[in-house]
Amino acid sequence: MWELRDLPSAATDWGRVLTDFFQSTTGSELLSRLRMESQSHQIFPPAAAVFRALELTPREDVRVVILGQDPYHGAGQADGLAFSVPSGVTRPPSLRNIFRELQDDLGVSIPPSFELSRWARQGVLLLNTTLTVRQDAAGSHRGFGWEMLTDLVIQLVNDLPVPVVFIMWGKDAEKKLTRVDRQRHLAICSPHPSPLSAHRGFFGSRPFSRANQFLAGHGRDTIDWI
C-alpha cells in the first residue's frame, strides 16, 4: 500500500502547509486515491521522495523556482526533484534539452551529473505542479488534488519579502502565474523542454542567465548552474 511517511517537520513553513493540507478534505481524498491507485499500478517517485524538493530547499532559502508538469513516469527516473534523475540514470529527452539550453545560454560544458540536488541546495525549488504519476502514463495524476497543494507552495514563495525568479516550463506551470506578483518577482515562461514543444520557444529562452541577472540586480546571490 502506498503511504506517505516522514513529512517535513511541522515547525517549518513547508511542514505546516503539508500538515494543514493533508488534514483537509482535498488532502485526505488525494491520499485515498493514491492508495487505491497503488493497488494496481506503480507510482513514481517513491513515497519517501515525494517531498524531496521541499526538504532540500526551505522556503526562506528560495531564490529560483523551476516549475514543471509532473514527475518522470519511467521506472527509476523520478527522484522527487523536477527534471532531475538519480546518478547513473540516462537523461530523459526533456533533461537533455534543458542542458542543451544551459550550454547555449551560458557557454559552458554539460556537467557529468544530471542529479540536480546541487541546484536545490542553492535555493532552486525544483517543483512539479503534480507530485506523483502512474508508471508509463504522463499526466495521469492531474486533478488528484496536488494542484491545490502546489498553489499553496507557490503562494508562500510569492509572499517572501525578497525577489524570486519563477521559471515556468509548459502550460501546467504557466497556470500558476496568477499566484505570482510580477511587480516584485521575475517570471520566465516558455514551452516545456519536451521534444514535442522545445522548438516552439524553449530553446533560446535563456532562463539561466536571465535568472542570475535578475538576482544580481536585486542584491541576491546568483546560482552556480554547473
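An account of the accompanying structure is given in this report.

Quick notes on the rules
Residues numbered from 1 in each chain as written. Predicted model: local features only at pLDDT ≥ 70, side-chain atom pairs only at ≥ 80, totals over all residues. Heavy atoms only, no water. Helix = DSSP H or I, 4+ residues; strand = E, 2+ residues; numbered from the N terminus. Polar contact = N/O pair within 3.5 Å; in protein donor to acceptor, adjacent residues only side chain to side chain. Core = buried A, V, L, I, M, F, W, Y, C linked by side-chain atoms within 4.5 Å. Buried < 20%, exposed > 50% of the residue type's maximum accessible area, 1.4 Å probe, protein only. Contact = heavy atoms within 4.5 Å. Pairing = 2+ DSSP bridges. Axes fitted to C-alpha atoms, helices over the stretch in contact; angles between N-to-C directions. Salt bridge = Lys/Arg side-chain N within 4 Å of Asp/Glu carboxyl O. Phe/Tyr/Trp six-rings, centres within 6.5 Å; stacked < 30°, edge-to-face > 60°. Lys NZ or Arg CZ within 6 Å of the ring centre and 35° of its normal.

Let us now look at the side chain of T132. With respect to the helices and strands, T132 occurs in the loop between strand 3 (124-128) and strand 4 (133-134). At 2.7 Å, the side chain of T132 forms a polar contact with the side chain of H141. In terms of polar contacts, T132 uses its side chain to reach the side chain of W146, at 2.7 Å.

Residues F51, V64, I66, W119, L125 and W225 are the most contacted members of the largest nonpolar core, which totals 67 residues. In this view, W119 contacts I66, I98, F99, L102, V124, L126, F208, D224 and W225; residues no more than four positions away in its chain are not counted.

To continue, consider the sheet that holds strand 6 (residues 186-190). Strands sit in the order 3-2-5-6 across an open sheet of 4 strands; the sheet is parallel. Whereas interior strands pair on both sides, the edge strands pair on one side only; in this sheet they are strand 3 and strand 6. Taken over all neighbouring pairs, the strand axes of this sheet differ in orientation by 15° on average, direction set aside. One ladder, built from 5 bridges, connects strand 5 (residues 165-169) with strand 6; its direction is parallel. From the neighbouring strand, W169 faces strand 6, where its bridge partner is S190. Docked against the sheet, helix 8 (residues 207-217) engages strand 2 (64-68), strand 5 and strand 6, running at close to 165° with respect to strand 5.

Now for unusual backbone geometry. With omega at -10°, the peptide bond leading from F44 into P45 counts as cis. For F83, which is not a glycine, the phi torsion comes out positive at approximately 75°. Of note in this structure, R206 is not a glycine but carries a positive phi near 50°. Mapped onto the fold, R206 is located in the loop between strand 6 and helix 8.

Let us now look at the environment of V85. Within the secondary structure, V85 sits in the loop between strand 2 and helix 4 (93-106). Exposure remark for V85: the relative accessible area of 1% places this residue in the buried category. Here the alpha-carbon distance between V85 and L116, two residues 31 residues apart in the chain, equals 7.5 Å.

This paragraph deals with the pattern of salt bridges. Tallied over the full model, the rule gives 10 salt bridges. A salt bridge links D13 to R59, with the shortest nitrogen-to-oxygen separation between them at 3.1 Å. Here the residue D13 occupies a position in helix 1 (residues 13-22), and R59 occupies one in the loop between helix 3 (52-56) and strand 2, the gap between them amounting to 46 residues. In this structure, D181 engages R184 in a salt bridge whose closest nitrogen and oxygen atoms are separated by 3.4 Å. By relative accessible area, D181 is classed as partly exposed at 28%. Residues joined in a network through salt bridges with shared partners are D13, R16 and R59.

To continue, consider the packing of aromatic side chains. As enumerated under the stated definition, the model contains 13 aromatic pairs in all. Ring centres of W169 and F208 lie 6.5 Å apart, and the angle between their planes is 70°; this geometry places the pair in the edge-to-face category. Of this pair, W169 sits in strand 5 while F208 sits in helix 8, and the two are 39 residues apart along the sequence. Comparing W169 with F208, the two get one shared label, buried. On the basis of an interplanar angle of 70° and a centroid distance of 5.0 Å, the ring pair of F208 and W225 is categorised as edge-to-face. In this pair, F208 is assigned in helix 8 and W225 in the segment after helix 8, connecting sequence segments 17 residues apart. Assessed through its relative accessible area of 0%, F208 is described here as buried. Here the aromatic cluster, defined as three or more aromatic residues joined through ring pairs, consists of F83, F99, F114, W119, W169, F202, F203, F208 and W225. One cation-aromatic arrangement involves R33 over F144; the distance from NZ or CZ to the ring centre is 3.9 Å. Taking the ring centre of F203 as reference, the NZ or CZ of R100 above it sits at 4.0 Å.

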